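# Commentary on secondary and tertiary structure
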Amino acid sequence: ASEKLKNDREIVLAAVNSKGLALQCVSKRLRADREIVLAAVKSSEHALYYASEKLKNDREIVLAAVNSSGWALEHASENLKADREIVLTAVKTNMKAIIFASEELQNDQLRGRLNARKY
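Report follows, based on the coordinates. (Residues numbered from 1 in each chain as written. Predicted model: local features only at pLDDT ≥ 70, side-chain atom pairs only at ≥ 80, totals over all residues. Heavy atoms only, no water.)

Turning to the packing of helix H2 (residues 9–18) against helix H3 (residues 34–43), a few remarks are in order. Packed helices, taken two at a time, are described by the angle between their axes plus the distance between the axes. With their axes 8 Å apart at the nearest point, H2 and H3 run at an angle of 20° to one another. Overall, the two elements H2 and H3 adopt an arrangement that is roughly parallel. The handedness of the crossing between H2 and H3 comes out as left-handed. Contact residues: H2 offers Arg-9, Val-12, Leu-13, Val-16 and Asn-17, while H3 offers Glu-35, Ile-36, Ala-39, Ala-40 and Ser-43. Along the lines of polarity and charge, the residues of the contact of H2 with H3 split into six nonpolar, two polar and two charged. (Axes fitted to C-alpha atoms, helices over the stretch in contact; angles between N-to-C directions. Helix = DSSP H or I, 4+ residues; strand = E, 2+ residues; numbered from the N terminus. Parallel < 35°, antiparallel > 145°, perpendicular 65-115°, else oblique. Left-handed = near helix turned anticlockwise from the far one by under 90°. Contact = heavy atoms within 4.5 Å. Nonpolar A, V, L, I, M, F, W, Y, C, P; charged D, E, K, R; others polar.)

An α-helical turn contains 3.6 residues, so any two residues separated by three or four positions project in the same direction. Where H3 is concerned, the buried positions are Ile-36, Val-37, Leu-38, Ala-39, Ala-40 and Val-41. Its buried side turned inward, H3 meets H2 and helix H4 (59–68). Among the residues of H3, the N-terminal cap falls to Asp-33, whose side-chain oxygen and the backbone nitrogen of Glu-35 are separated by 3.1 Å. (Buried < 20%, exposed > 50% of the residue type's maximum accessible area, 1.4 Å probe, protein only. Polar contact = N/O pair within 3.5 Å; in protein donor to acceptor, adjacent residues only side chain to side chain.)

For the structure on display, the rule yields two aromatic pairs. Between Trp-71 and Phe-100, the aromatic rings sit 5.7 Å apart at their centres with planes inclined by 75°, giving edge-to-face as the arrangement. Placement of Trp-71 in the loop between H4 and helix H5 (84–93) and of Phe-100 in the loop between H5 and helix H6 (103–110) is noted, with a sequence separation of 29 residues between them. Since its relative accessible area comes to 30%, Trp-71 is described here as partly exposed. Judged by its relative accessible area of 17%, Phe-100 is buried. Directly above the ring of Tyr-49 sits Lys-56, whose terminal nitrogen or CZ lies 5.5 Å from the centroid. (Phe/Tyr/Trp six-rings, centres within 6.5 Å; stacked < 30°, edge-to-face > 60°. Lys NZ or Arg CZ within 6 Å of the ring centre and 35° of its normal.)

Below, the structure is given as C-alpha cells:
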C-alpha cells in the first residue's frame, strides 16, 4: 500500500476491523493510535505484536487482546505479564499462555494459587 493509504486513519480503521493483522502494514503513527490498535487486537491474536510499545503497556488493549487469544500475552509489556487479571484472562482462553506470564505468576500457577477456572 502507498504511504498515503498507510496513513489514512479511516481506511486503516476499516482494514483492521476487517483483519487485525492489517496493523502490520500501517504507519508507525497509526500503530500508536489507541482506537486502531484496540480494533486490531479484537480481531487478531497477533496484532498486539505490531502495536507501539506504549500500547503494549495499555491495560485495556492488552486485556482485549488476551480475551481474544491467550497467546497475545507474549507481546504484552513485562509489567502487564505480571498483572494477575490479564494473565488469568489469557490462561482462561489458552492454558498454555502461562509460559508468557511473569515468573512470579508462573510459580503461583505451579502452586495452585492461580486458577483460571475460578473466572
